[in-house]
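Residues per chain are reported as follows:
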Amino acid sequence: MASEDEEFTMLFQDFYPSLCRFLECLLGGRAPLAQDLAQESFLQLHRTAWGTLPVGEARFWLYRVARNMAINEFRRSHTRYRLFDRVVEAMRPRARNPEQEYETQERKRLVLEMLQTLPEDQRTALLLREQEQLSYREIGQVLNISESKVKVDIFRARATLRNRWSKRVRTIGASAS
Amino acid sequence: MSCNFTEKISLLIDGELAPQEAREVERHLLNCVECEQLRADFLNLRSQITSFETSLQPAVENHALKKILPAERRVPARGLQWGFGTQAIAFATLLIVGAIIGLILYQSSNSRGPASTQVAVQTPSPAPAASIENTEKPKQAAPQESPAPNRGTEQPTPNKEDKKTDNPRRTPKRPPVREPKPGEQFASIPERVRSADAQTMTAMHFERSETLLRAFRNVRLNEPGTAAEVSYERKRAQQLIYQNMMLGREADSAGDVQIASLLESLEPILLDIANLPAKPDEDAVRVIRERVERKNIVALLQVNSTALARALD
């Protein structure tokens, strides 16, 4: 029992932060909600699938469940941004100096804004590729789609983001001059 | 984009092309400016997305893990497999709670009774009681109670301890908790600790503990010299543990919740290190280290010692 818990703790420590990041990007920010959903995914893993899953599968299982939860959340509160989330986000302690903090927040905001313009399936595939470095086969496994769909989704996501990014840069350049 | 290679560039940067095909695309990139720009843009996008930092705080992570793994099922601190059931744990908890309540009642009754204070004053003891609460004590009693040579001494031999503490053990009405372990580092701390002194001592204690935990984190495993390396950390933890308890009580009585809780979470770790066997098991060392990491205690110590030092400045 102890060694199982130990293994689970190690898995948690390895993947909880990256699962939070994945969910945060998928949800367009809303860090507290992302953390709740990540915790809920691990809880489900521990209660239902831990011990029965083959070694190495747990990670894919987690991302699949977390993504489903995020989709449920989209449906439930598509336009609603919980006040609580905003309050928590505003009260979050910030350790860096204000200038650095501002830059980081701006960059984060821009990335999230860009990602939100993508359809959900393309966004998820791209995040799993770029942030989690999963192969196309693994992404297909997580999202339950074929490798060729993964290939197309990722390419389209990149092409869309590239166009928007260059437009954005042009707009910033024009406003600066 | 008009080039036929655009989709393959996405595959190329993901390493999803067969080697021969990858070489072909690379050759194409040498001649096609448009595709080269596309690759650069895709890589730039990648760096933007991967550099996204999550807003996760270590405390939130620890809290989440605690919620998932019930406390009694979490990995034991020193890798021991306890065979106690829930009932035994409940019984032990009751005992501890009872002991704490008894202790509090005993202390409060003791501090209220003037007779007991007088006894304490009339019976000077060579080993100090390290009692912070005993403020009514006249100043002249203090010098007798703080033998300077004890400050900073490492673990003395048991014989010496017996000699030093012979008198205080006979002293009546001394609350058992206030009784210091003889010969320990904190034995030379004056009874009445002023708040500034306490802060200085706490800051120093945090610094020492931080150094110890860093050293412990760097202990090399899988090497024949493991036992010898840990012996220093053990000794240091033994020195720090009683000071930790004393400062914890001081912080408690001063109502400094933050410092008290940090000292409280430091205590079991110091205890674990101090109680490591002469030739510790690799797992035991690793489990303590993981606990230190999980609690993020080194960073907390650093932050608090700096904050205290600043406050004192």
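All residue numbers here refer to positions counted from 1 along the written sequence of the relevant chain. Chain letters start at A and ligand numbers start at 1, both assigned in the order the entries are written. In keeping with the model being predicted, local features are shown solely for residues with a pLDDT of at least 70 and side-chain atom pairs are shown and tallied solely at 80 or more, while totals for entire chains, interfaces and linings include all residues.

Looking only at helices and strands, one finds 14 helices and zero strands in chain B. Listed by position from the N terminus, the elements making up chain B come as α-α-α-α-α-α-α-α-α-α-α-α-α-α. Note on burial: count the other C-beta atoms lying within 10 Å of the residue's C-beta; 20 or more is buried, 12 or fewer is exposed, in between is partly exposed, and C-beta positions come from the backbone. For chain B, the residues scored as buried account for 25% of the 313 residues in total. Whether two residues are in contact depends on their C-beta atoms, placed from the backbone: they are in contact if these lie within 7 Å. The contacts in chain B between residues at least 6 apart in sequence include a share of 73% that link residues at least 24 apart. Each helix corresponds to a stretch of at least 4 residues labelled H or I by DSSP, and each strand to a stretch of at least 2 residues labelled E; elements are numbered beginning at the N terminus.

Let us look at unusual backbone geometry. Residue and element names in this part refer to chain A. Backbone geometry at Arg30 places phi at a positive 55 degrees, although glycine is not the residue there. With respect to the element layout, Arg30 can be found in the loop between helix H1 (2–27) and helix H2 (31–49). A count of 24 C-beta atoms within 10 Å places Arg30 in the buried class.

Let us look at the interface of chain A and chain B. Contacts between the two partners involve 34 residues from chain A, matched on the other side by 29 residues from chain B. Within the residue set of the side of chain A that touches chain B, elements represented by two or more residues are H1, H2, helix H5 (98–116), helix H6 (120–130) and helix H8 (147–176) of chain A. The element best represented in the side of chain A that touches chain B is H1(A), accounting for 12 residues. Gly counts as polar in this scheme, as do all residues outside two lists: the nonpolar Ala, Val, Leu, Ile, Met, Phe, Trp, Tyr, Cys and Pro, and the charged Asp, Glu, Lys and Arg. Here the side of chain A that touches chain B is built from residues that sort into 17 nonpolar, six polar and 11 charged.

Looking now at the packing of helix H1 (residues 6–13) of chain B against helix H3 (residues 33–50) of chain B. All names here are of chain B. Lines fitted to C-alpha atoms define the axes here, with helix axes fitted over just the stretch in contact, and angles between the N-to-C directions of these axes take values from 0 to 180 degrees. Packing of H1 against H3 brings their axes to within 10 Å, and their N-to-C directions diverge by 45 degrees. Relative to H3, the element H1 lies oblique. For the element pair H1 and H3, the recorded crossing hand is right-handed. Between H1, through Thr6, Ile9, Ser10 and Ile13, and H3, the contact on the second element is made entirely by Cys35, Leu38, Arg39, Phe42 and Leu43. Taken together, the residues of the contact of H1 with H3 sort by class into six nonpolar, two polar and one charged. Note that the term roughly parallel is reserved for angles under 35 degrees, roughly antiparallel for angles over 145, roughly perpendicular for angles of 65 to 115, and oblique for everything else. Left-handed describes a crossing in which the near helix is turned anticlockwise from the far one by less than a right angle; the clockwise case is right-handed.

Residue and element names in this part refer to chain B. Confidence along chain B averages 69 in pLDDT terms, with 62% of residues attaining 70 or more. When pLDDT is averaged over each element of chain B, H1 comes out on top at 92 and helix H7 (residues 141–145) at the bottom at 38. Confidence scores per residue from the predictor, reported as pLDDT, run from 0 to 100. Predicted confidence is poor over residues 74–83, with pLDDT under 50, and the contacts of this stretch with residues over four places away or in other chains come to 23 contacts. For this predicted complex, the interface confidence score (ipTM) comes to 0.82, while the overall pTM stands at 0.48.

Residues and elements named next belong to chain B. What H1 keeps buried is the set Ile9, Ser10 and Leu12. Buried residues in H1, looked at end-on, bunch into an arc of 160 degrees, giving them a common side. Where H1 ends, the next residue or the one after it, Gly15, has phi of about 65 degrees, a positive value. Think of it as the arc spanned by the lines of direction from the helix axis to the C-beta atoms.

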